Amino acid sequence: MSAETPETPDLPEGEALPEDWNRIVESITEAVSRERKRESRLGRIAGMMADFLTRKPAPPQSWLDRLGKRAAKFDYHQIQLPPNVPAGLEELEALDWLKENCSGSFEALEHYLLTRNHFLFGDGHYPAAEHPCPMPLLMLETSAEAVENEEDEDRCFLIFADGSGYAYNLDDDGEEELLQDATPLLRRHAEILSKLAWHPPVEGVDYGALDSGPET
């Protein structure tokens, strides 16, 4: 982002955003208008995943140790696909559909594919540095305390520098949404979004090289 891009409000993790939601929305949309054009990396990401499904590399010993005798019951060679993929498509068909129908800048889609399938890097199948994950411009969530106390529904919203975004349950329908232009949601769901908790993106988890290593 350029030096003129307004910074995300410097708030402690989990603290609600200030009430001046319109000012925040303006700063985000201004940043998006400057950063919207970018080179799509979807083809490269989809190619990596297709290679994994076709080549079927051996799972790491840590995965076999964790599952023990149950390992034979599970298919290690599968990936998680985004919600905008038409139902009924096989995984390789779905990757082809994504490449054909989601051209252009779409950081939210790339972020979804990489974070939901981070085991491809953590298990050592591909170098994480070759497939860096886009950083969210803004991450909002219902606080864990509010969810536990049933004070509010579990909701989530992410927006990226190209204007794309991810939303969960903003319409109280329990649905995930991947949007190539998420900026209209900033105003349409202003009342909900302005009450969610802000979370700073964590490098290696939410963006950058997702190479935290295999689970133990």
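Scroll up to find the structure.
Now for a look at the structure at hand. Because the structure is a prediction, the values reported are computed rather than measured.

What counts as what
- Numbering of residues starts from 1 in every chain and runs along the sequence as written.
- In keeping with the predicted nature of the model, local features appear solely for residues at pLDDT of at least 70, side-chain atom pairs appear and are counted solely at 80 or more, and the whole-chain, interface and lining totals rest on all residues.
- Heavy atoms from the whole structure form the basis of all side-chain values; hydrogens and water molecules are not counted.
- Working definition: helices are DSSP H or I runs of at least four residues, strands are E runs of at least two. Numbering for both runs from the N terminus.
- Here the term buried applies to any residue with accessible area under 20% of the maximum for its type, exposed to any over 50%, and partly exposed to those in between, with areas from a 1.4 Å probe on protein chains only.
- Any two residues whose heavy atoms approach within 4.5 Å are treated as being in contact.
- Each accessible area is a Shrake-Rupley estimate made with a 1.4 Å probe; only the visible protein chains count as cover when residues are assessed.
- We define the nonpolar core as a collection of buried residues of types Ala, Val, Leu, Ile, Met, Phe, Trp, Tyr and Cys that are connected through side-chain atoms lying within 4.5 Å of one another.
- Note on method: axes are straight lines fitted to C-alpha atoms, helices fitted across the in-contact stretch only, with angles between N-to-C directions ranging 0 to 180 degrees.
- Here roughly perpendicular refers to angles of 65 to 115 degrees, roughly parallel to angles under 35, roughly antiparallel to angles over 145, and oblique to all remaining angles.
- The handedness criterion is simple: a crossing whose near helix is rotated anticlockwise from the far helix by less than a right angle is left-handed, and one whose near helix is rotated clockwise is right-handed.
- By the convention adopted, Pro, Cys, Tyr, Trp, Phe, Met, Ile, Leu, Val and Ala count as nonpolar, Lys, Arg, Asp and Glu as charged, and the other residues, Gly among them, as polar.
- A pair of strands counts as paired when DSSP detects no fewer than two bridges linking them.

Further remarks concern the overall build of the chain. Across its full length, the chain holds nine helices and five strands. Seen in sequence order, the chain has helices and strands lined up from the N terminus as α-α-α-α-α-α-β-α-β-β-β-α-α-β. Expressed as a percentage of the 216 residues in the chain, the buried residues total 44%. The long-range share in the chain, meaning contacts at least 24 apart out of those at least 6 apart in sequence, stands at 65%. Accessible surface for the chain amounts to roughly 11700 Å². Of this, 47% is attributable to carbon and sulfur atoms.

Here the focus is the nonpolar core. In terms of nonpolar packing, the biggest core is built from 36 residues, with Met48, Met49, Phe52, Leu98 and Leu109 touching the most fellow members. Mapped onto this core, the elements with two or more residues apiece are helix 2 (42-55), helix 3 (61-67), helix 4 (91-101), helix 5 (107-116), helix 6 (119-122) and strand 2 (156-160). The element that contributes the greatest number of residues to this core is helix 2, accounting for seven residues. Among all residues touching leucine 109, those that are not within four sequence positions of it are Leu42, Pro82, Asn84, Leu98, Cys102 and Leu178. Counting residues in each nonpolar core, the second largest holds 20 residues, with Ala31, Leu140, Phe157 and Leu185 among its members.

Positive phi, normally seen in glycine, also occurs at lysine 56, with a value near 50 degrees. With respect to the helices and strands, lysine 56 occurs in the loop between helix 2 and helix 3. Positioned with a positive phi, asparagine 169 is a non-glycine residue whose angle comes to about 65 degrees. Mapped onto the fold, asparagine 169 is located in the loop between strand 3 (165-168) and strand 4 (176-179). Residue asparagine 169 is classed as buried on the basis of its relative accessible area of 5%.

The next point concerns the packing of helix 2 against helix 5. The interhelical angle for the contact between helix 2 and helix 5, taken along N-to-C directions, is 20 degrees, at an axis separation of 10 Å. When the axis of helix 2 is compared with that of helix 5, the two are roughly parallel. For the crossing formed where helix 2 meets helix 5, the hand is left-handed. Seen from helix 2, the contacting residues are Leu42, Ile45, Met48 and Met49; seen from helix 5, they are Leu109, Glu110, Leu113 and Leu114. Its residues assigned to classes, the contact of helix 2 with helix 5 comprises seven nonpolar, no polar and one charged.

What follows is about the sheet that holds strand 4. Pairing within the open sheet is antiparallel, and its five strands lie in the order 4-3-2-1-5. The outermost strands of the open sheet, each flanked by one partner alone, are strand 4 and strand 5 (197-198). Direction of pairing for strand 2 relative to strand 3: antiparallel, over a ladder of four bridges. The partner of phenylalanine 157 across the bridge, within strand 3, is alanine 167. Across the sheet, helix 5 touches strand 1 (136-141), strand 2, strand 3 and strand 4, and the angle it forms with strand 4 is around 130 degrees.

Looking now at the side chain of histidine 111. As for its placement among the helices and strands, histidine 111 is situated in helix 5. Residue histidine 111 is classed as buried on the basis of its relative accessible area of 7%. Among residues more than four places away in sequence, those in contact with histidine 111 are Cys133, Pro134, Pro136, Leu158, Phe160 and Asp206.

In this section: the side chain of asparagine 117. With respect to the helices and strands, asparagine 117 occurs in the loop between helix 5 and helix 6. The contacts of asparagine 117, once residues within four sequence positions are left out, are Met49, Ile79 and Gln80.

What is shown is where atoms sit, not what they do.
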